[in-house]
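# Chain and residue survey
The lines below spell out each chain.
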Amino acid sequence: MSETKPYIKTFEDELDWKLLDQLHGVVSQISSFCFETKKFCVTIQFVVITLLAKFTKDQIADSLFVVGLLIPLCFWFLDAIAYYYQVKIRGSMELISIRLKTRNIPSLVISTEPDIDESKHLIAGGRGTRKWYRRVFDALINHSMWIYGLMISLDGILWLLFWKGIIR
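Quick summary incoming for the structure in this document. (Residues numbered from 1 in each chain as written. Predicted model: local features only at pLDDT ≥ 70, side-chain atom pairs only at ≥ 80, totals over all residues. Heavy atoms only, no water.)

### Some remarks on the pattern of salt bridges
Summed over all chains, the structure comprises seven salt bridges. With a shortest N-O distance of 3.9 Å, Lys9 and Glu14 are connected by a salt bridge. For Lys9, a relative accessible area of 43% puts it in the partly exposed group. Judged by relative accessible area, which is 34%, Glu14 ranks as partly exposed. A salt bridge links Asp16 to Arg103; its shortest N-O distance comes to 2.7 Å. Of this pair, Asp16 sits in helix α1 (residues 11-55) while Arg103 sits in helix α2 (residues 62-103), placing them 87 residues apart in sequence. Note on Arg103: relative accessible area 31%, which makes it partly exposed. Several salt bridges share partner residues, and in doing so they unite Asp13, Asp16, Arg99 and Arg103 into one network. (Salt bridge = Lys/Arg side-chain N within 4 Å of Asp/Glu carboxyl O. Buried < 20%, exposed > 50% of the residue type's maximum accessible area, 1.4 Å probe, protein only. Helix = DSSP H or I, 4+ residues; strand = E, 2+ residues; numbered from the N terminus.)

### Here we look at the layout of surface pockets
Volume-wise, the largest pocket comes out at about 390 Å³. What lines the largest pocket is a set of 17 residues, and nearest its centre among them are Gln45, Phe46, Ile49, Leu154 and Leu158. Looking at the lining of the largest pocket residue by residue, the classes come out as 13 nonpolar, three polar and one charged. (1 Å grid on protein atoms, 1.4 Å probe; cavity = no way out; pocket = protein on both sides within 12 Å on 5 of 7 lines; lining within 4 Å. Points joined across faces, edges and corners; volume = space filled by probe spheres on them. Nonpolar A, V, L, I, M, F, W, Y, C, P; charged D, E, K, R; others polar.)

### As for the nonpolar core
Formed by 13 residues in total, the largest nonpolar core has its most connected members in Cys41, Phe75, Trp76, Tyr83, Ala139, Met145 and Tyr148. Listed by contribution, the elements that provide at least two residues to this core are α2 and α4 (146-163). No other element matches the seven residues that α2 contributes to this core. Leu23, Val27, Ile89 and Met93 belong to the second largest nonpolar core, which has 10 residues in total. (Core = buried A, V, L, I, M, F, W, Y, C linked by side-chain atoms within 4.5 Å.)

### Thoughts on the side chain of Asp16
On the accessibility criterion, Asp16 (6% relative accessible area) is buried. At 2.6 Å, the side chain of Asp16 and the side chain of Arg99 are in polar contact. (Polar contact = N/O pair within 3.5 Å; in protein donor to acceptor, adjacent residues only side chain to side chain.)

### Quick word on the environment of Leu23
One can find Leu23 in helix α1. Not counting residues within four places of it along the chain, the set of residues in contact with Leu23 comprises Ile89, Ser92, Met93 and Ile96. (Contact = heavy atoms within 4.5 Å.)

### Brief notes about helix α3 (residues 132-140)
Buried within α3 are the following residues: Arg135, Asp138 and Ala139. Down the axis of α3, the buried set is contained in an arc of 100 degrees. They therefore lie on one face. Looking at the packing, one finds that the buried side of α3 touches α2. (Arc of directions from axis to C-beta.)

### Brief notes about the packing of α1 against α4
Where α1 contacts α4, the axes come no closer than 10 Å and their chain directions differ by 15 degrees. In terms of axis orientation, α1 runs roughly parallel to α4. Every pair of crossing elements has a handedness; the one defined by α1 and α4 is left-handed. Contact residues: Thr37, Lys38, Cys41, Val42 and Gln45 in α1; Ile147, Tyr148 and Met151 in α4. A breakdown of the residues in the contact of α1 with α4 according to their chemical character gives five nonpolar, two polar and one charged. (Axes fitted to C-alpha atoms, helices over the stretch in contact; angles between N-to-C directions. Parallel < 35°, antiparallel > 145°, perpendicular 65-115°, else oblique. Left-handed = near helix turned anticlockwise from the far one by under 90°.)

### Brief notes about the packing of α1 against α2
At a minimum axis separation of 9 Å, α1 and α2 run at an interaxial angle of 170 degrees. Between α1 and α2, the interaxial angle falls into the category roughly antiparallel. Within the contact of α1 with α2, the residues separate by chemical class into 29 nonpolar, eight polar and eight charged.

This is the structure:
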C-alpha cells in the first residue's frame, strides 16, 4: 500500500497562494466597480436629461439626444476598461494556479495532457491569453454591456422619431 503524503507548502507555493488571494480581491473589487458603474450610468442619465429638459423649458431639443448618447458611451468605455483588466487579472490567476499544480505533481506521474475541463479553470476559453485586440473587443462587446447598447438604441430610436416629427 502506498501512503499519501500531506501537502506541504513550499516557500514558492506560499507566495503564489498569497498572490492568488490578492488578485482574487482585486477581481472582486473590479467586479463590484463594474456593477456600480452601470447603476451610476442609469442614475446620471435620468438626472442629466431631466435637468436638461428643465433648462430647455420642457421643449425637446437635439441636445437631449446628444447627452442621451454621450453618457452611456462614456460609461461603456469606462466599464470596458475595468472588464478588460478583470479578464487580464483572471488570466494571471490561471497561470499561477497552473504553476501551483505543476509544481506539486508527484514526481512519478508525468502529465503532458492539458487540463481541458473548463469547470476547473478560473477563466473560460483562454480569454486571458487571447491577442490584445480580441481582448479589447471582448471587453467592449459582452453580455454585461447590454445595458449600454440598450440605452444607446433607445436614444437612437427616440432621436429618429423626433427627427421625423413623430414626437415633439
